[in-house]
Amino acid sequence: MKAPEQIMRVVVTGPVGAGKTTFIKTISEIESIDTDRRATDEMAHLKPTTTVAMDFGRVTFGPNMALHLYGTPGQERFNFMWDILLRQAHGIVLLAPAHRPKDFFAASRLLRYARQRAPEAPLLIAATHSDLPQAWPIADILPAFGIDASESQIPTLSINATAERDVARTLIALVERYAERSNAKRIAS
Ligand SMILES: Nc1nc2c(ncn2[C@@H]2O[C@H](COP(=O)(O)OP(=O)(O)OP(=O)(O)O)[C@@H](O)[C@H]2O)c(=O)[nH]1
Ligand SMILES: [Mg+2]
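What comes next is a walk through the structure. (Residues numbered from 1 in each chain as written. Chains lettered and ligands numbered in written order. Predicted model: local features only at pLDDT ≥ 70, side-chain atom pairs only at ≥ 80, totals over all residues. Heavy atoms only, no water.)

### Brief notes about the nonpolar core
Point 1. Counting residues in each nonpolar core, the largest one holds 28 residues, and the members touching the most others are L86, I92, L111, L123, I125, F145 and I147.
Point 2. Looking at this core, the elements with two or more residues in it are α2 (79–87), β6 (91–97), α3 (104–117), β7 (123–128) and α4 (138–145).
Point 3. Counting residues per element, this core draws most heavily on α3, which supplies 5 residues.
Point 4. Excluding anything up to four places from it in sequence, L111 contacts L94, L123, I125, F145, I147 and I154.
Point 5. If you look at the next biggest cluster of nonpolar residues, it comprises 23 residues, including V10, F23, M65 and L157. (Core = buried A, V, L, I, M, F, W, Y, C linked by side-chain atoms within 4.5 Å. Buried < 20%, exposed > 50% of the residue type's maximum accessible area, 1.4 Å probe, protein only. Helix = DSSP H or I, 4+ residues; strand = E, 2+ residues; numbered from the N terminus. Contact = heavy atoms within 4.5 Å.)

### Topic: the pairing of β7
Point 1. Buried residues dominate β7, accounting for 6 of its 6 residues.
Point 2. Both faces of β7 are covered, namely the face carrying L123, I125 and A127 and the face carrying L124, A126 and T128.
Point 3. Bridging between β6 and β7 involves 6 bridges; their strand directions are parallel. Across the sheet, residue A96 finds its bridge partner in β7, namely A127.
Point 4. Each parallel crossover has a hand, and for β6 linked through α3 to β7 it is right-handed.
Point 5. Bridging between β7 and strand β8 (residues 156–158) involves 3 bridges; their strand directions are parallel. Residue I125 lies in a different strand from β8, and its bridge partner there is T156. (Pairing = 2+ DSSP bridges. Right-handed = clockwise from strand over helix to strand, strands pointing away.)

### Some words on the packing of α2 against α3
Point 1. At a minimum axis distance of 10 Å, the contact between α2 and α3 shows a crossing angle of 50°. As the angle between them shows, α2 and α3 are arranged oblique. Handedness of the α2/α3 crossing: right-handed. Across the interface between the two elements, W82, D83 and L86 of α2 pack against L110, Y113, A114 and R117 of α3. (Axes fitted to C-alpha atoms, helices over the stretch in contact; angles between N-to-C directions. Parallel < 35°, antiparallel > 145°, perpendicular 65-115°, else oblique. Left-handed = near helix turned anticlockwise from the far one by under 90°.)

Remember, this is a structural readout, not a statement about activity or role.
Pasting the structure below:
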């Protein structure tokens, strides 16, 4: 008989335009659900559409695991969705747009918030837009976040969210982290 499928819920977060919807669309096996709507307010100059509720996608991982990917809305006024998603998260991917240093502070606030709300969930930081010439190297982004890479236990990657290989590599790193923690817990108990 087929082993029951284990579901890992992954929250993909980051500031407006970091690439959350793109990240999920790039890898999802089902047509990802996006709730993008035309931006009508202060951010219309930045992006024509923005996610207003959440994104959802699904990826099979090995013979009996599936990842459910939930993308948070970027705008702060939709914050209530955040709490709902974080409470259920098995892992968190924080996306930071490497080409937009003025957004690093917003990303670092999201990082602190995610750590507070879901302290148990493994988290990693993926710097998106790393394919663009103006992208900052990851080593320069972390200090702007207030994180010292040598002290930090947080894995970091530079990615292009439109490239399936990069998104897969990010999710594999997160699943490995999740598996390590689960094993450590099992041994401790
Ligand atoms: N070159 C490049 N473009 C990217 C990358 N990630 C996202 N984009 C583009 O950046 C734009 C914004 O991406 P979205 O996926 O809509 O960003 P989001 O984080 O979902 O934005 P909100 O829902 O408004 O918060 C889109 O035009 C994407 O095609 C990347 O890594 N490299
Ligand atoms: Mg979006």
